[in-house]
Every structure is written in structure tokens, then in C-alpha cells.
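Below are the chains, spelled out letter by letter.
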Amino acid sequence: MKILLTGAQGQVGSALRPLLESLGPVTALGRDALDLSDSEAIRATVRAHRPQVIINAAAYTAVDRAETEPDLARAVNGIAPGVLAEAAGHLDGALIHYSTDYVFDGSAPRPYREDDAPHPLGVYGQSKWLGEQAVLASGTPALIFRTSWVYGLHGANFLKTMLRLGCERDLLRVVHDQWGAPTWAGSIAQATVAILRQAEASGDVTGFIRQHRGVYHMTNGGATTWCDFARAIFAHRPECTARVEPIPASEYPSPVRRPANSRLDNHKLAEQFQCALPSWQEALAQCLAGLPPAAKP
Ligand SMILES: NC(=O)c1ccc[n+]([C@@H]2O[C@H](COP(=O)([O-])OP(=O)(O)OC[C@H]3O[C@@H](n4cnc5c(N)ncnc54)[C@H](OP(=O)(O)O)[C@@H]3O)[C@@H](O)[C@H]2O)c1
């Protein structure tokens, strides 16, 4: 399986890279090697490498900044995924793409299913939804994995911020009225590779992805709030002595409203691929096992 990975230096991209190497030759490109805001560069790169599977782990993920850079967010998240999909289709290949809980407005009283109507609250969510539609419209065999609250030891994320501030401050005020599943980049990478192994075992990778094409929710199991996620992180790290005070999202100023309910229903992934990611608590423990005892990241 010849693979082209974009966003190779991001949280999910860097977790994927070492695992993908067991499947076949991997060309792993960061933004320096392939800028997804340049459609012609995407086409030329895909033509040059001729991958069987493109995995698009790149995205414009700065949710607040997207409000002031909407054109760039739409180019990277809304247009590029469709260009990647078309380029893969020309080679009779397939695309794996990632999307987000932020395509929803969070008003549902239950976990969101894949066929619930998106209604993004900001530019980032709108751009990611556009990207999903562009991939599906291309007709190229593609799997779109929507995930949520991604963290890991690599990159900038809530876990890293809490590990730092938990040592520096006495008190942290953390939002208690947004619900979702913190999802470890390592779990996303493991699940993606497990599904690609099924494709490989079928003897027809593109055919397998064509047969299963569509949107899937892919998060760690269970749900929590940012506040209880912070407390769970600190429970693993005795050096994080900050006290956590719950606050409503309305007291945390930000240019974009976040969904109050980010929970995604993972049943479709389990049914189609017999694939279930570990609970968020288990994944957090697995992730933190990668840290030396009582060390700051
Ligand atoms: N992070 C989350 O909480 C979250 C939640 C739900 C869904 N997701 C989705 O999960 C996927 C993976 O996200 P992640 O958390 O791994 O994101 P990430 O850590 O921000 O990584 C994204 C990567 O994309 C690269 N990138 C940005 N603009 C680019 C461009 N114009 N051309 C090429 N590469 C570019 C970034 O490079 P630079 O570092 O140089 O900018 C970065 O390496 C994305 O589809 C994202 O939308 C993420």
C-alpha cells in the first residue's frame, strides 16, 4: 500500500506516521513540503508520488483565528480535501480524511449521529463541513472520520496546557458546561491503521474503501467536561497541584461559541469495522504513560 500522508507534523499526522510504515512505503509531507492552500501544488505532488491511499491529517485548526482568516481556513479545510480526493480518484486510489464535532452546533440532547444535519457555529466548523462535502462530491472512495477534542504529547492542546499551568498556578478556572470525548491522537492513528489493515486484507484496498465510503464518528469512548478532563489529568500527575474551579463557558471569553454538546455516537464505526476506541480515561492513561514520572512536557 503506497501512502501519501499530509499534515505529517500535526498531532494526528505524527501519531500516524510510525504506524503507517508497517503498511507500506509512506511519503509524509508537512506544510513546508506541501501547502494545501495551493491546489496546483496538491495535484503536482499527487501526480509525482502516485499513492494508492492519501491520508489527509492536515487542517487549519486555529478555531478562533479562523474568524479573521476565513479565506485561508476555507482553502485548507474546505477546498483542499476535494482537490486531494479528485487527485486520488484520477489514480484509482482512495482518501482518508478527518473532520470535527464542530460541524454541529451542540444543541442536540444526545450524541450526534453521522446523518444528523450539520450546523456549524463558526468559520472553522463551516470550512470543515465544506471539506466533507467536497470529498463526498468527488465520487472518489473516501472515509471521513469525525473526531473531537484531540490531544497528545505532541503539539499544542488542552492536555499540554493543563500540564504546564497545573504546575505554575494555584487555581485554574475551567469550563464545566461543554460535553465531549477527549480523544488521544494515538487512538485515532491506531484505529485508522486497523481499518487500513482490513482494507489490505480484503485484497482490494480501493474497493474496500469504496464499499464503506462515507462519514464515521471516531472518538474515544465516554464523555466528560473540560473541567473534569483537567481534574483527570491532574489525578495522574502529582506535580500538578492547581485547584480546578468550574466555570460556565459564558465566563470564558472567546470569539467563537463552542458546541455545548460535542458528543459523537460511535456505533457506525463499531458496526462497519468492528472498531471501538478505548474509553477517554484509558486513552489518557496510555498517553501519559509516554511521559517520564513527574516531568513537565
Ligand atoms: N485538534 C482538535 O482538537 C481536533 C478536534 C476535532 C477534529 N480535528 C481534526 O483532526 C484532524 C487532525 O487535527 P490535529 O489535531 O492533528 O491538528 P494539528 O495538530 O493542528 O495538525 C494539523 C497540521 O496541518 C498543518 N497545516 C495547516 N495548514 C496547512 C497548510 N496550508 N498546508 C499544509 N499543512 C497545513 C499544520 O501545520 P502547521 O503546524 O505548520 O500549521 C499541522 O501540522 C484535522 O482534520 C482536524 O480538523 C481536530
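This text goes with the structure placed above it.
Topic: the nonpolar core
Consideration 1: In terms of nonpolar packing, the biggest core is built from 33 residues, with Leu 16 and Ile 55 touching the most fellow members.
Consideration 2: Here this core takes eight residues from helix α6 (residues 185-201), the largest share from any one element.
Consideration 3: Excluding residues within four positions of it along the chain, Leu 16 makes contact with Leu 5, Ile 55, Ala 57, Tyr 98, Ala 189, Thr 192 and Val 193.

Things to note about the sheet that holds strand β1 (residues 3-6)
Consideration 1: Spatially, β2-β1-β3-β4-β5-β10 is the arrangement adopted by the six strands of the open sheet, whose pairing is parallel. Only two strands of the sheet have a single neighbouring strand rather than two, namely β2 (26-29) and β10 (214-217). Mean inter-strand twist for the sheet, computed between neighbouring axes without regard to direction, equals 20 degrees.
Consideration 2: The pairing of strand β4 (residues 94-100) with strand β5 (residues 142-147) spans six bridges and is parallel.

Observations regarding the site of the ligand
Consideration 1: Contacts to the ligand come from 24 residues, most closely from Arg 31, Leu 36, Thr 61, Tyr 124 and Lys 128.
Consideration 2: For the ligand, a nitrogen atom lies 2.8 Å from a polar atom in the backbone of Leu 36.
Consideration 3: When the free accessible area of the ligand is taken as 890 Å², the share hidden by the protein chains comes to 81%.
Consideration 4: When residues of the shell around the ligand are traced back to their parent elements, those giving at least two are α1 (11-20), β4 and α4 (123-138).
Consideration 5: With three residues, the single largest contributor to the shell around the ligand is β4.
Consideration 6: Its residues assigned to classes, the shell around the ligand comprises eleven nonpolar, nine polar and four charged.

What to know about the packing of aromatic side chains
Consideration 1: Counted according to the given criterion, the structure contains eleven aromatic pairs.
Consideration 2: Seen from their ring centres, Tyr 102 and Tyr 124 are 6.1 Å apart, and the 80 degrees between their planes marks the pair as edge-to-face. Of this pair, Tyr 102 sits in the loop between β4 and α4 while Tyr 124 sits in helix α4, and the two are 22 residues apart along the sequence. The residues Tyr 102 and Tyr 124 share a single accessibility class, namely buried.

Side note on α1
Consideration 1: All of the buried residues along α1 are Val 12, Gly 13, Leu 16 and Leu 20. When α1 is viewed along its axis, its buried side chains cluster within an angular range of 90 degrees and face the same direction.
Consideration 2: In the core, the buried residues of α1 are packed alongside β1, β2, β3 (53-56), β4, β6 (150-151) and α6.

A closer look at unusual backbone geometry
Consideration 1: Unusually for a residue other than glycine, Arg 50 sits at a positive phi of about 50 degrees.
Consideration 2: As for its placement among the helices and strands, Arg 50 is situated in the loop between α2 (39-49) and β3.
Consideration 3: Accessibility expressed as a relative area gives 54% for Arg 50, which makes it exposed.
Consideration 4: Backbone geometry places Asp 92, a non-glycine residue, at a positive phi of 65 degrees.
Consideration 5: Counting through the fold element by element, Asp 92 comes out in the loop between α3 (70-90) and β4.

Looking at the packing of helix α5 (residues 158-168) against helix α8 (residues 226-236)
Consideration 1: α8 packs onto α5 with a crossing angle of 60 degrees between their chain directions and a minimal axis gap of 10 Å. Taken together, the axes of α5 and α8 lie oblique to each other. Between α5 and α8 lies a crossing whose hand is right-handed. The segment α5 lies against α8, with Phe 158, Leu 159, Met 162, Leu 163 and Gly 166 engaging Trp 226, Phe 229, Ala 230, Ile 233 and Phe 234.
Consideration 2: Counted by class, the contact of α5 with α8 contains nine nonpolar, one polar and no charged residues.

Description of the pattern of salt bridges
Consideration 1: Enumeration over the complete set of coordinates arrives at ten salt bridges.
Consideration 2: We note a salt bridge from Arg 146 to Glu 132, for which the minimum N-O separation is 2.7 Å. With Arg 146 in strand β5 and Glu 132 in helix α4, this residue pair connects regions lying 14 residues apart in the sequence.
Consideration 3: Since its relative accessible area comes to 3%, Glu 132 is described here as buried.
Consideration 4: One network of salt bridges, in which partners are shared, links Glu 40, Arg 43 and Arg 47.

Here is what the cut-offs are and how they apply
Residues numbered from 1 in each chain as written. Predicted model: local features only at pLDDT ≥ 70, side-chain atom pairs only at ≥ 80, totals over all residues. Heavy atoms only, no water. Core = buried A, V, L, I, M, F, W, Y, C linked by side-chain atoms within 4.5 Å. Buried < 20%, exposed > 50% of the residue type's maximum accessible area, 1.4 Å probe, protein only. Helix = DSSP H or I, 4+ residues; strand = E, 2+ residues; numbered from the N terminus. Contact = heavy atoms within 4.5 Å. Pairing = 2+ DSSP bridges. Axes fitted to C-alpha atoms, helices over the stretch in contact; angles between N-to-C directions. Near = heavy atom within 4 Å. Polar contact = N/O pair within 3.5 Å; in protein donor to acceptor, adjacent residues only side chain to side chain. Areas by Shrake-Rupley, 256 points an atom, 1.4 Å probe, with all protein chains shown as cover. Nonpolar A, V, L, I, M, F, W, Y, C, P; charged D, E, K, R; others polar. Phe/Tyr/Trp six-rings, centres within 6.5 Å; stacked < 30°, edge-to-face > 60°. Arc of directions from axis to C-beta. Parallel < 35°, antiparallel > 145°, perpendicular 65-115°, else oblique. Left-handed = near helix turned anticlockwise from the far one by under 90°. Salt bridge = Lys/Arg side-chain N within 4 Å of Asp/Glu carboxyl O.

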